[in-house]
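# Close look at the chain arrangement
One letter stands for each residue in the lines below.
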Amino acid sequence: MPNLKEIRNRITSVGSTMQITSAMKMVSAAKLKRAQDAITQMRPYAENLQEILGNLTASLDISENALAASRPVNNVLIIAITSNRGLCGGFNNNIIKRVNLAITEEYSNANVSLLTLGKKAKDAFKRSDMYFDTAGTGIAEDIFADLSFGNVSVVADFAMKAFLEKKFDKVVVIYNSFINAASQEVKEEQLLPIVPTEQSDNTQAGDYIFEPSKEEIVEELIPKTLKIQLFKALLDSNASEHGARMTAMHKATDNAKELQRSLKLSYNKARQAAITNEILEIVGGAEALNG
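As a starting point, this report considers the structure included with it.

Rules used throughout
- Residues numbered from 1 in each chain as written.
- Predicted model: local features only at pLDDT ≥ 70, side-chain atom pairs only at ≥ 80, totals over all residues.
- Heavy atoms only, no water.
- Helix = DSSP H or I, 4+ residues; strand = E, 2+ residues; numbered from the N terminus.
- Rg over C-alpha atoms; globule rule 2.2 N^0.38 Å.
- Buried < 20%, exposed > 50% of the residue type's maximum accessible area, 1.4 Å probe, protein only.
- Contact = heavy atoms within 4.5 Å.
- Areas by Shrake-Rupley, 256 points an atom, 1.4 Å probe, with all protein chains shown as cover.
- Lys, Arg positive; Asp, Glu negative; His and termini not counted.
- Charge placed at Lys NZ, Arg CZ, Asp CG, Glu CD.
- Pairing = 2+ DSSP bridges.
- Patch = residues over 30% accessible without salt bridge, like charges linked within 9 Å, V, L, I, M, F, W, Y side chains within 5 Å.
- Salt bridge = Lys/Arg side-chain N within 4 Å of Asp/Glu carboxyl O.
- Expected span 1.5 Å × (residues − 1).
- Arc of directions from axis to C-beta.
- Axes fitted to C-alpha atoms, helices over the stretch in contact; angles between N-to-C directions.
- Parallel < 35°, antiparallel > 145°, perpendicular 65-115°, else oblique.
- Left-handed = near helix turned anticlockwise from the far one by under 90°.
- Nonpolar A, V, L, I, M, F, W, Y, C, P; charged D, E, K, R; others polar.
- Core = buried A, V, L, I, M, F, W, Y, C linked by side-chain atoms within 4.5 Å.

## Looking at the overall build of the protein
Looking only at helices and strands, one finds 5 helices and 4 strands in the protein. A globule of 291 residues ought to have a C-alpha radius of gyration of about 19 Å, yet the protein, at 28 Å, is considerably larger. The dimensions of the protein, computed from C-alpha atoms along their principal axes, are 115 × 45 × 35 Å. Buried residues in the protein amount to 39% of all 291 residues. Partitioning the contacts of the protein with sequence separation of at least 6, the portion at a separation of at least 24 is 80%. Carbon and sulfur atoms make up 50% of the accessible area of the protein, which totals about 16500 Å². Averaging the coordinates of the 33 positive side-chain charges in the protein and doing the same for the 35 negative ones gives two points 12 Å apart.

## What about the pairing of strand β1 (residues 75-81)?
Along β1, 6 of the 7 residues are buried, which leaves the element largely enclosed by surrounding structure. Direction of pairing for β1 relative to strand β2 (residues 111-117): parallel, over a ladder of 7 bridges. When the bridges of β2 are listed, Ile 78 appears paired with Leu 114. Bridging between β1 and strand β3 (residues 170-180) involves 5 bridges; their strand directions are parallel. Considered in β3, the bridge of Ala 80 is made with Ile 174.

## Here's the deal with a nonpolar patch on the surface
A grouping of Ile 275, Ile 279 and Val 283 is seen on the molecular surface, where their side chains present a nonpolar patch of about 240 Å² in accessible area. What makes Ile 275 partly exposed here is its relative accessible area of 38%.

## Observations regarding helix α2 (residues 91-106)
Look at α2: 22 Å from first C-alpha to last across 16 residues, which is about the 22 Å you get at 1.5 Å a residue. Three or more residues of α2 are buried, namely Phe 91, Asn 92, Ile 95, Ile 96, Val 99, Ala 102 and Ile 103. Buried residues of α2, viewed axially, fall in a sector of 135°; they line one side. Away from the buried face of α2 by more than 90 degrees, exposed residues Lys 97, Thr 104 and Glu 105 are located. Of the surrounding secondary structure, the elements contacted by the buried residues of α2 are β1, β2, α3 (119-125), β3, β4 (183-192) and α5 (214-290).

## Considerations on the packing of helix α4 (residues 149-164) against α5
Relative placement of two packed helices is described by the angle separating their axes and the distance separating the axes. Close contact between α4 and α5 brings their axes to 9 Å; oriented N to C, the two are set at 120°. The orientation of α4 relative to α5 falls into the category oblique. The handedness of the crossing between α4 and α5 comes out as right-handed. Along its contact with α4, which presents Phe 149, Val 152, Ser 153, Val 155, Ala 156, Asp 157 and Met 160, the element α5 presents Pro 223, Leu 226, Lys 227, Ile 228, Leu 230, Phe 231 and Leu 234. The residue inventory of the contact of α4 with α5, partitioned by class, reads 11 nonpolar, 1 polar and 2 charged.

## Describing α4
Given a rise of 1.5 Å per residue, 16 residues ought to cover 22 Å, and the 22 Å separating the end C-alpha atoms of α4 matches this to within 8%. Within the span of α4, buried status applies to Val 152, Ser 153, Val 155, Ala 156, Phe 158, Ala 159, Met 160, Ala 162 and Phe 163. Looking at the buried residues of α4, the elements they touch are β1, β2, β3, β4 and α5. Downstream of α4 by a residue or two, Lys 166 has a phi angle that is positive, lying close to 65°.

## Quick look at the nonpolar core
Ile 79, Ile 81 and Leu 117 are the most contacted members of the largest nonpolar core, which has 46 residues in total. Sorting the residues of this core by element identifies α1 (4-58), β1, β2, α4, β3, β4 and α5 as the ones contributing at least two each. Not counting the four nearest positions on each side in its chain, Leu 117 is found in contact with Ile 79, Ala 80, Ile 81, Thr 82, Ile 139, Ile 143, Phe 144, Val 155 and Leu 234. By size, the runner-up hydrophobic cluster in this structure holds 16 residues, among which are Ala 80, Val 112, Leu 114 and Ile 174.

## So, the pattern of salt bridges
What the rule picks out here adds up to 11 salt bridges. Across the pair Glu 188 and Arg 98 runs a salt bridge, and its minimum N-O distance is 3.7 Å. Linking Glu 188 in strand β4 with Arg 98 in helix α2, this pair joins segments that are 90 residues apart in sequence. Across the pair Glu 258 and Arg 261 runs a salt bridge, and its minimum N-O distance is 2.9 Å. Highlighted residues: Glu 258 and Arg 261, both in helix α5, separated by 3 residues, approximately one helical turn. Residue classification places Glu 258 among the partly exposed residues on the basis of a relative accessible area of 43%. When salt bridges that share partners are traced, they join Arg 43, Lys 232 and Asp 236 into one network.

Now the structure itself:
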């Protein structure tokens, strides 16, 4: 059994760790509120924009649009979105596993390039031949330092330009979609080529008045929708990160409390055992003197 000093030191150490995890939980909770507001405000706009584009593409043949051109998938660009920091449970590992699964199964017969947004994804894949170095592309090195539509538009513009130049035949994004503070869902969405929306017979097209024309509006909407789609994915990931970290730190704090309680129990038992041994030694010594 460890001595009393070792147990006291462990109790102090666990207490310090508990203070850190509790503080990190509160910080993540504050950041989560802002990030959650951002994604909940963005979703209706992104969904309505997607719906308008869907209604338009359902009644038009957009196969001639360069961004909707379907060709054999020989080169694929995967945009992997993670966080810059850890201590958020399986948040980053789930993305890395999904990317590896896509490489080995979905795109095993294609040349895959990885564009990483987030330090953890970069650290995981930077030594791989598939890693795409964004130096000189204008893409922010740390996009989460200033998560704005302008910075995200640079990434979307790069992807569209590379697709139009036939450097890639398909562009997908893999990210964590925010459900609530305690749960996130890993999603893989196709950015390019644009997939036309097929409406069923029961679905009514929106009652719109088009000016100047459907074709011109589609040409304008497609790039904007792609940028919004990517921006939404980053906002989703940002909110998911803070939710995952808050949950992880909450569990860590609870575990630290339980460990501290167990250590205090062990300390009291060891202290009682030491006192009992001292009493026995005193009694034994007294009897030896009397005997």
